[in-house]
Amino acid sequence: MSLAHDAHVAVRPAAAAQRPTRTWPEVNNPAAWIVAVILLIMPLIANGFFLIEIFASTLILGTMALSLMFLAGYGGMVSLMQLTIAGFSAYMVAVFGVSGNANISLGWPWWLAVPMALALATAFGTLGGALAVRTEGIYTIMITLAIGAAFYYFTNQNWAIFNGHTGINTVATPHFWGVNWRADIPFYYIVLAVAALCYFAVEYLSRAPFGLALQGVRDNPRRMAALGFNVNAHRVAAYAFASLVAALAGVLQVWNYRQISPGSVSVGACIDVLIIAVVGGITRPIGPFIGALIFVLLRTFALDFLVRLGLDGNRFRLLIGLGFLAIVFWSSDGVIGLWQRWRQSQRPRTDRPGGGSGHG
């Protein structure tokens, strides 16, 4: 049976009745247009440091977290191997492409190395997802975390392919049409284009028959199976799409730093992606990018802030942890939930349920 068979009859009628109807794309949202214009003119108002280290890094990490948000928010599957998939893609770019480790890299041009890396990383994530969908809840988290930990130790100890703990350095970046696409401004626009493509793809899928069926599987898999849907097939397909998104972010990551090492795919880094998604909010695709911006700002400036206060700058992760706890404590849906709660508190009383000025 088709993955999207009669999806429009299955998904969350009660929740759909409670949420306001949104059109796609949200062309009537002034905030969305303002953000889009700011992002497009960012090279005119930001120097190279802020353009790459803050905004490009935010978009790359946000894209990784977006893949996790798609699985958790629409599929109810919390995967901790999304950074591992991105790292696998980055390693494949370095292995098949050109790098400073000529004894390892095969020397393919980027336009061959990148599609190969995306295909292999998507297959890797899909296979991991096929294992994970056989479990639920904490067991899914543990299996995906185990995959991430195994990949980290494998890259750290394998020298023939991954060059061990040293990693692969001086990875070549694209040059075509006479443009160095790793220069600050061209690279920023590449990252922005990929992030926007992934964002709108997730937005579209959330309203497409497949996305609606996936949300139905999340809410009541037994009922969806009774209606004739292949529950595991939907979940594996969701992992395949999320793996492609994470793989795209991995390509951008290796181009950004021009190197990849086991430290980039450590267990701590895998958990960072989860923190980014949860802090931003896992119910809306914009949430991971908000969480990524908060994370990058704290990672970049918290160390100097602590030093100025006379504290150990290496404890900057303490601020990240405290911020994570505070946001989760006050809102189960991260910053998005806090924003929606504030907007509801600012509405006129006549707009609230039971607060109208009815007759009598």
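(A) Looking closely at the overall build of the chain. Each helix and strand in the chain was counted, giving 15 helices and 2 strands. Expressed as a percentage of its 360 residues, the buried residues of the chain come to 44%. Long-range contacts, defined here as pairs at least 24 residues apart, represent 75% of the contacts in the chain between residues at least 6 apart.

(B) Quick look at the packing of helix H4 (residues 48–75) against helix H5 (residues 82–96). For the pair H4 and H5, interaxial distance at closest approach is 9 Å and the crossing angle is 135°. It follows that H4 is oblique to H5 by the angle criterion. Pair H4 / H5 crosses with right-handed handedness. Contact residues: Met64, Ser67, Leu68 and Leu71 in H4; Gln82, Leu83 and Ala86 in H5. Grouping the constituent residues of the contact of H4 with H5 by class yields 5 nonpolar, 2 polar and no charged.

(C) Summary view of the pattern of salt bridges. Per the stated rule, a full pass over the model turns up 3 salt bridges. The salt bridge partner of arginine 182 is aspartate 184, with a shortest N-O separation of 4.0 Å. With a relative accessible area of 7%, arginine 182 lands in the buried category. Owing to a relative accessible area of 34%, aspartate 184 belongs among the partly exposed residues under this scheme. Measuring nitrogen to oxygen at the nearest pair gives 2.5 Å for the salt bridge that ties glutamate 203 to arginine 207. A residue pair is termed a helical-turn pair when its members lie 3 or 4 positions apart in one helix, as glutamate 203 and arginine 207 do in helix H8 (residues 184–207) at 4 residues.

(D) Highlighting the environment of tyrosine 153. Looking at where tyrosine 153 falls in the secondary structure, it is placed in helix H7 (residues 138–157). Overall, tyrosine 153 belongs to the partly exposed group, its relative accessible area being 47%.

(E) How the structure looks around the nonpolar core. One finds Phe70, Met92, Ile168 and Trp255 to be the most contacted residues of the largest nonpolar core, which totals 86 residues. A per-element tally of this core places H4 first, with 16 residues.

(F) How the structure looks around helix H14 (residues 316–330). For H14, spanning 15 residues, the distance from its first C-alpha to its last is 22 Å, which sits close to the expected 21 Å at 1.5 Å a residue. Considering only its buried residues, H14 is in contact with helix H12 (267–280), helix H13 (286–308) and helix H15 (334–346).

(G) Molecular detail of the environment of leucine 319. Looking at the secondary structure, you find leucine 319 in helix H14. On a C-alpha basis, the gap between leucine 319 and leucine 303 in space is 9.5 Å, while along the polypeptide they are 16 residues apart. With sequence-adjacent residues up to four places away left out, leucine 319 is seen in contact with Leu298, Ala302, Phe305 and Leu306.

(H) Helix H9 (residues 209–219), seen in detail. Considered for burial, the residues of H9 that qualify are Phe210, Gly211, Ala213, Leu214, Gln215, Gly216 and Val217. Turning to H9, the residues buried within the fold contact H4, H8, helix H10 (221–226) and helix H11 (231–257).

(I) Fine view of the side chain of threonine 140. Mapping threonine 140 onto the fold places it in helix H7. Threonine 140 sits in the buried class, given a relative accessible area of 5%. Ignoring anything within four residues of it in the chain, the contact list for threonine 140 reads Val78, Ala132, Thr135 and Tyr239.

(J) Representation of the packing of aromatic side chains. As enumerated under the stated definition, the model contains 20 aromatic pairs in all. Aromatic pair tyrosine 199 and phenylalanine 289: ring centres 6.4 Å apart, planes at 65°, arrangement edge-to-face. You can see tyrosine 199 sitting in helix H8 and its partner phenylalanine 289 sitting in helix H13, a full 90 residues away along the chain. The structure contains a cluster of three or more aromatic residues connected by ring pairs, namely Phe88, Tyr91, Phe124, Phe151, Phe154 and Phe162. Lying over the aromatic face of phenylalanine 187, arginine 182 brings its terminal NZ or CZ to 4.6 Å of the ring centre.

The rules behind each value
Residues numbered from 1 in each chain as written. Predicted model: local features only at pLDDT ≥ 70, side-chain atom pairs only at ≥ 80, totals over all residues. Heavy atoms only, no water. Helix = DSSP H or I, 4+ residues; strand = E, 2+ residues; numbered from the N terminus. Buried < 20%, exposed > 50% of the residue type's maximum accessible area, 1.4 Å probe, protein only. Contact = heavy atoms within 4.5 Å. Axes fitted to C-alpha atoms, helices over the stretch in contact; angles between N-to-C directions. Parallel < 35°, antiparallel > 145°, perpendicular 65-115°, else oblique. Left-handed = near helix turned anticlockwise from the far one by under 90°. Nonpolar A, V, L, I, M, F, W, Y, C, P; charged D, E, K, R; others polar. Salt bridge = Lys/Arg side-chain N within 4 Å of Asp/Glu carboxyl O. Core = buried A, V, L, I, M, F, W, Y, C linked by side-chain atoms within 4.5 Å. Expected span 1.5 Å × (residues − 1). Phe/Tyr/Trp six-rings, centres within 6.5 Å; stacked < 30°, edge-to-face > 60°. Lys NZ or Arg CZ within 6 Å of the ring centre and 35° of its normal.

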